[in-house]
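The primary structure of each chain is shown beneath.
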Amino acid sequence: MSGEHNPEAVVVDNSALVPGSLTNQVAVVTGGSRGIGFAASLGLAKLGAHVLIIGQNAENVTNATQQLQSQGLLSDGFVGDVSKPEQMDQVSAQILNRFTPTILVNSAGVMSEKTAKTLKTSVEEWDRVLSINLNGVFNAIRVFAPIMVEKRNGRIINLSACLGRMSGPGTNGGLAPYRISKAGVNALTKNFAAETGNGKRGVLVDAICPAHCQTDMGGPDAPRSAEQGAETILWLASRNLNEQTQTGLLWEDRAIVPW
Ligand SMILES: NC(=O)c1ccc[n+]([C@@H]2O[C@H](COP(=O)([O-])OP(=O)(O)OC[C@H]3O[C@@H](n4cnc5c(N)ncnc54)[C@H](OP(=O)(O)O)[C@@H]3O)[C@@H](O)[C@H]2O)c1
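Residues numbered from 1 in each chain as written. Predicted model: local features only at pLDDT ≥ 70, side-chain atom pairs only at ≥ 80, totals over all residues.

1. Regarding the site of the ligand
This is how it is decided: Proximity of a residue to a molecule or strand is defined by its backbone-placed C-beta atom lying within 6 Å of that partner. Each helix is a run of H or I in the DSSP string that is no shorter than four residues. Each strand is a run of E no shorter than two, and both are numbered from the N terminus. The residue classification treats Ala, Val, Leu, Ile, Met, Phe, Trp, Tyr, Cys and Pro as nonpolar and Asp, Glu, Lys and Arg as charged. All others, Gly included, are polar.
By nearness alone, 30 residues border the ligand, and G31, G35, G109, T215 and G218 come closest of all. Broken down by element, the shell around the ligand gets its largest block of residues, three residues, from helix α1 (residues 35-46). Looking at the shell around the ligand residue by residue, the class counts come to 12 nonpolar, 15 polar and three charged.

Spelled out as structure tokens, the structure:
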């Protein structure tokens, strides 16, 4: 994943994140049990949000939730596979019975097999990656966005990747299911932002490229920490909405990057 970073992009807002600014907000984080999703969960909880972590592995979900709770932060865990619509129906029913989410971070994701050029990709590998990375984002939006649209209050942040861009270091070959799943996430983001009025009706929908981060997916030699990758998620989740707010975009380090 080298070469993902985009240093020319212009930061649109340098303001510090304010502890307590997300008090009374409820954030759902898919893939919150590990990596960038966990860093985002911790960061959102430190800003005051009640963070609901979703992951497929029950032990990882429990560990992550307990780490937040042990620091006096508000968190609950839910086990579900984002690629399975019926499991997301069950998880969302549990959540919506108790909470009104105002933030959704879609971080659950998997990498392609390293050999997965298009003609080397099996049908099973294609389906595995697309069903988690792209269908999983739709499945979570399908169950959690309606309440945000109804209440006219939502921040939806989709973890994309610069490997999914149609420009720059984007879709240049290799890792086909991964790159194409993220290109799909970009399209879903722009399309859903348009459908929700591009911010005019209280809901902001954006994608981020966290760049190459040290996680189970990114590996130990990545140049950035998971916390650095998550910082723009926290900023997007905390943004106030006004005439100048830009949404329906791909962000990296608080800067807009071309799709
Ligand atoms: N790390 C990077 O360098 C990098 C760069 C660009 C973009 N990204 C994107 O950032 C996001 C997070 O990546 P990461 O590096 O933090 O990955 P990671 O460390 O491998 O963590 C992946 C997370 O996704 C969850 N997950 C995977 N499949 C799932 C499923 N079917 N249902 C529910 N949860 C599932 C995992 O939960 P379990 O513990 O239950 O498996 C885990 O919490 C991904 O979308 C990735 O594509 C990462």
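Now that the structure has been shown, we can carry on.
2. Looking at the packing of helix α4 (residues 123-133) against helix α6 (residues 176-195)
Axes are the key here: two packed helices are described by the angle between their axes and the distance separating the axes. We apply this condition: To obtain each axis, a line is fitted to C-alpha atoms, and for helices this fit is confined to the stretch in contact; angles are then taken between N-to-C directions over 0 to 180 degrees. Angles are sorted into four bins: roughly parallel if under 35 degrees, roughly antiparallel if over 145, roughly perpendicular if 65 to 115, and oblique for all others. It is the rotation of the near helix from the far one that decides the hand of a crossing: anticlockwise by less than a right angle makes it left-handed, clockwise makes it right-handed. Contact between residues is assigned whenever the C-beta positions, reconstructed from backbone atoms, fall within 7 Å.
The N-to-C vectors of α4 and α6 enclose an angle of 30°; their axes lie 9 Å apart at closest approach. By the angle between their axes, α4 is roughly parallel relative to α6. α4 and α6 meet at a crossing whose hand is right-handed. Contact residues: α4 offers E125, W126, V129, L130 and N133, while α6 offers P177, Y178, S181, K182 and V185. Here the residues of the contact of α4 with α6 sort into six nonpolar, two polar and two charged.

3. Section: α6
So the rule is basically this: Expected span of a helix, by definition, is 1.5 Å for each gap between consecutive residues, and there is one gap fewer than residues. Residues are called buried when their C-beta atom has 20 or more other C-beta atoms within 10 Å, exposed when it has 12 or fewer, and partly exposed otherwise; all C-beta atoms are positioned from the backbone.
Taking 1.5 Å per residue as the helical rise, α6 with its 20 residues ought to reach 28 Å, and the 28 Å between its terminal C-alpha atoms agrees with that figure. Along α6, the positions that sit buried rather than exposed are A176, P177, Y178, R179, I180, S181, K182, A183, V185, N186, T189 and A193. Looking at the buried residues of α6, the elements they touch are α4, α5 (135-151), β5 (154-159), β6 (203-208) and β7 (250-252). G197 occupies a position one or two residues after α6 and carries a positive phi of about 85°.

4. Structural notes on the pairing of strand β2 (residues 50-55)
The test is simple: Criterion used throughout: strands pair if DSSP finds at least two bridges between them. Place the viewer so that the strands point away; then a crossover is right-handed whenever the path from the first strand over the helix to the second strand goes clockwise.
The element β2 is largely enclosed, with a buried count of six among its six residues. Of the two faces of β2, the one lined by H50, L52 and I54 and the one lined by V51, I53 and G55 are each fully buried. In this structure, strand β1 (residues 26-30) lies alongside β2, joined through five bridges in parallel fashion. Across the sheet, residue V26 finds its bridge partner in β2, namely H50. For the crossover that starts at β1, traverses α1 and ends in the parallel β2, the hand is right-handed. Both β2 and strand β3 (residues 75-79) contribute to a ladder of five bridges, which runs parallel. Counterpart to L52 in the pairing with β3 is D76. For the segment spanning β2, helix α2 (residues 58-69) and β3, crossover handedness is right-handed.

5. With respect to the nonpolar core
Heads up, the condition is: We define a nonpolar core as a collection of buried residues of the types Ala, Val, Leu, Ile, Met, Phe, Trp, Tyr and Cys that are connected via C-beta atoms lying within 7 Å of each other.
Counting residues in hydrophobic clusters, the biggest one holds 73 residues, and the most contacted among them are A27 and L44. In this structure A27 touches L44, A49, V51, L52, P101, I103, V105 and A237, once residues within four positions along its chain are discounted.

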